[in-house]
Amino acid sequence: MKVTVIGAGYVGLTGGAVLADHGHTVWVVRRDREKIENLKKGIIPIYEPGLPAVVRRNVKTGRLIPTTAYAEGVPQSEVVFIAVGTPQNEKDGAADLTQVFAAAREVAKHLREGFTVVVDKSTVPPGTAERVEKIINKYKRGPRVKFAVVSSPEFLREGKALEDTVHPDRIVIGSASPPATKIMVALHKKFKCPLVVTSVRSAEVIKYAANAYLSLRIGFIDQIANLCEKMGADVMDVIGGIGLDRRIGTHYWFPGMGYGGYCFPKDVKALAALFVKVGEKDNLFIKLDRLNEARVARYVTRLRKALGSLRGKRIGVLGLAAKPGTDDIRGSVALHFVKALKKLGAKIKVYDPLAQENARLVLQKTVTYCRNPYQVIKGTAALVVMVEDEEFKKLKMEKVKKLMKKPLIFDVKNIYNLARLRRFGFTVHATGR
Ligand code: NAD
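Everything numeric in this text was worked out from a predicted model, so none of it was measured.

Draft legend 1. Spotlight on the pattern of salt bridges. For the structure on display, the rule yields 21 salt bridges. A salt bridge links Arg360 to Glu357; the shortest N-O distance between them is 3.2 Å. Taken together, the residues span about one helical turn, with Arg360 and Glu357 both in helix α14 (residues 356-363) at a distance of three residues. One salt-bridge network, held together by shared partners, links Glu158, Asp328 and Arg330.

Draft legend 2. Here's a closer look at the nonpolar core. Membership of the largest hydrophobic core comes to 55 residues, with the highest contact counts inside it found for Leu303, Ile315, Phe337 and Met386. Sort the elements by how many residues they give to this core and helix α13 (residues 333-343) lands first, with six residues. Non-local contacts of Ile315, meaning those with residues more than four positions away in its chain, are made with Leu303, Leu307, Leu310, Leu341, Ala346, Lys347, Ile348, Lys349, Thr380, Ala382 and Val384. The next biggest cluster of nonpolar side chains, apart from the first, holds 37 residues, and it includes Val132, Val200, Ala212 and Leu288.

Draft legend 3. A look at unusual backbone geometry. For Tyr252, which is not glycine, the phi dihedral falls at a positive 55 degrees. Take Tyr252: it is sitting in the loop between α10 (235-243) and α11 (264-277). Look at Gln364: it is not a glycine, yet its phi comes out positive at around 50 degrees. You can see Gln364 is positioned in the loop between α14 and β11 (368-369). The exposed category is assigned to Gln364, whose relative accessible area is 51%.

Draft legend 4. Broad picture of the site of the ligand. Near the ligand you find 23 residues, and of these Val11, Tyr70, Thr86, Glu158 and Lys266 are the closest. Between the ligand and Thr86, the relevant distance is 2.5 Å, taken from an oxygen atom to a side-chain nitrogen or oxygen of the residue. Here an oxygen atom of the ligand and a side-chain polar atom of Arg330 are 3.0 Å apart. For the ligand, the protein covers 88% of the area, taking 830 Å² as the surface of the free molecule. Of the residues that constitute the shell around the ligand, the class distribution is ten nonpolar, seven polar and six charged.

Draft legend 5. Looking closely at α11. Under the 1.5 Å per step criterion, the end-to-end length of α11 is 20 Å for 14 residues, consistent within 8% with the ideal 20 Å. Burial analysis of α11 places ten of its 14 residues in the buried class, the great majority of the element. Check the buried side of α11 and you find it contacts α9 (200-231) and α12 (284-307). Just past α11, the residue Gly279 takes up positive phi, approximately 90 degrees.

Draft legend 6. Geometry of the sheet that holds strand β9 (residues 314-318). Across the sheet, which stays open at both edges, the six strands sit in the order β11-β10-β9-β12-β13-β14 with parallel pairing between neighbours. The strands lining the two open edges of the sheet, one partner per strand, are β11 and β14 (427-430). The sheet contact formed by strand β12 (residues 382-385) and strand β13 (residues 408-411) spans three bridges and is parallel. Its bridge partner being in β13, Val385 is matched across the sheet by Asp411. Docked against the sheet, α13 engages β9, β10 (347-351) and β12, running at close to 160 degrees with respect to β10.

Draft legend 7. Spatial organisation of the side chain of Asn211. Topologically, Asn211 is positioned in helix α9. For Asn211, a relative accessible area of 5% corresponds to the buried category. Setting aside anything within four residues of it in sequence, one finds Asn211 in contact with Cys263, Phe264 and Asp267.

Draft legend 8. Molecular detail of the packing of α11 against α12. Running from amino to carboxyl end, α11 crosses α12 at an angle of 145 degrees, the nearest separation of the two axes being 8 Å. Here α11 runs over α12; the crossing is left-handed. Of α12, the residues touching α11 (which contributes Val268, Lys269, Leu271, Ala272, Phe275 and Val276) are Phe285, Ile286, Leu288, Asp289 and Glu293. Grouping the constituent residues of the contact of α11 with α12 by class yields eight nonpolar, no polar and three charged.

Cut-offs used in this document
- Residues numbered from 1 in each chain as written.
- Predicted model: local features only at pLDDT ≥ 70, side-chain atom pairs only at ≥ 80, totals over all residues.
- Heavy atoms only, no water.
- Salt bridge = Lys/Arg side-chain N within 4 Å of Asp/Glu carboxyl O.
- Helix = DSSP H or I, 4+ residues; strand = E, 2+ residues; numbered from the N terminus.
- Core = buried A, V, L, I, M, F, W, Y, C linked by side-chain atoms within 4.5 Å.
- Buried < 20%, exposed > 50% of the residue type's maximum accessible area, 1.4 Å probe, protein only.
- Contact = heavy atoms within 4.5 Å.
- Near = heavy atom within 4 Å.
- Polar contact = N/O pair within 3.5 Å; in protein donor to acceptor, adjacent residues only side chain to side chain.
- Areas by Shrake-Rupley, 256 points an atom, 1.4 Å probe, with all protein chains shown as cover.
- Nonpolar A, V, L, I, M, F, W, Y, C, P; charged D, E, K, R; others polar.
- Expected span 1.5 Å × (residues − 1).
- Pairing = 2+ DSSP bridges.
- Axes fitted to C-alpha atoms, helices over the stretch in contact; angles between N-to-C directions.
- Left-handed = near helix turned anticlockwise from the far one by under 90°.

Just geometry here; none of it tells us what the structure is for.
Pasting the structure below:
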């Protein structure tokens, strides 16, 4: 099939490249000429293991066509995906749909006569497909241009975008149009996962429900961690104990400084705003968001208790992205944390194996950037290990102790053996233990 993807980021580029790998011809559109020229050479603007090779081989065969022009692919395509950003609106946290609507307008102007499926791939609140449909009806070039708007949300994880796109758990197709459903099913025929065909509204809700539930698991275990800290229990033992209940499971428990990253915080906020909009003022997601936002302040307070005033104190922070294995710093909790420490006058040294350059664009000259963890550690009064990175797990603790001014570690993600660190003479503040 011929397909166009609007927005060549984590979702659009990965999805487009995998569809090209399945034999479809795919145009990926983004506005930024330099990034498109790079894509043509197989240089991708994000860090995603395995993706450059897939992009390169499909660009070479001409099945993946990076372009800045809607006019190139849209008029030839049977399916057009909209995979642009949906950040949070600064006013009330609702999803900002400016990019989606702008893309819909441009798509409308280039749709061919005949039938095209327009797919909302971006995470958008229920009701958005109808709004996209209205925009396309307003801007399309005449009555012979026919289309249907389908919702097919994306569930990939950053850092594992290719793996998740090649082997998704499911593909959701929300459609009110039988011909559109047929085209979508045919387009995805090489995927081995279940295709979940629903109404458009249900598909839109599925995406928010999935992200809100995953956020809730993190928010839930953070609360239990608070209790463990107060009662002298160990949250990791609690996870082991509850996880063996098959209704609960041992997977996906991450007590720490709260959920972060590009999607969870903004999607929970958007869901909370949507609940309020539809008259459900008293809802779980407002509380979840508030509790999550309070996590950073909690650790700042713990650090102040451990060190006294933070003014002039040298603090090392390892890990700046939301999680290991990505260079994306959007929604990074570590950056909020560093900014909060800076406000209190601390001197911060940082290191992240992948996200350092992106973090530099935000933190600029307010912190010292180091080339490895030991450079960060040298001379610090406290070391905060933010994420469960393999490099951080393997630190040589004798060396760490020698380099630090005071052997004080904040093990935010509980990656170290507490008893062992304490035997080495470290004071350790972990999460929920
Ligand atoms: P991204 O910022 O990496 O990519 C979006 C791209 O769209 C950018 O390259 C931007 O330049 C481009 N763009 C914006 N407006 C455009 C326009 N009018 N025409 C052409 N290009 C345009 O974003 P992403 O992480 O890929 O997320 C895209 C959507 O998918 C969001 O709604 C997000 O919530 C959702 N999502 C993201 C992830 C994730 O892990 N990143 C996972 C699932 C769903």
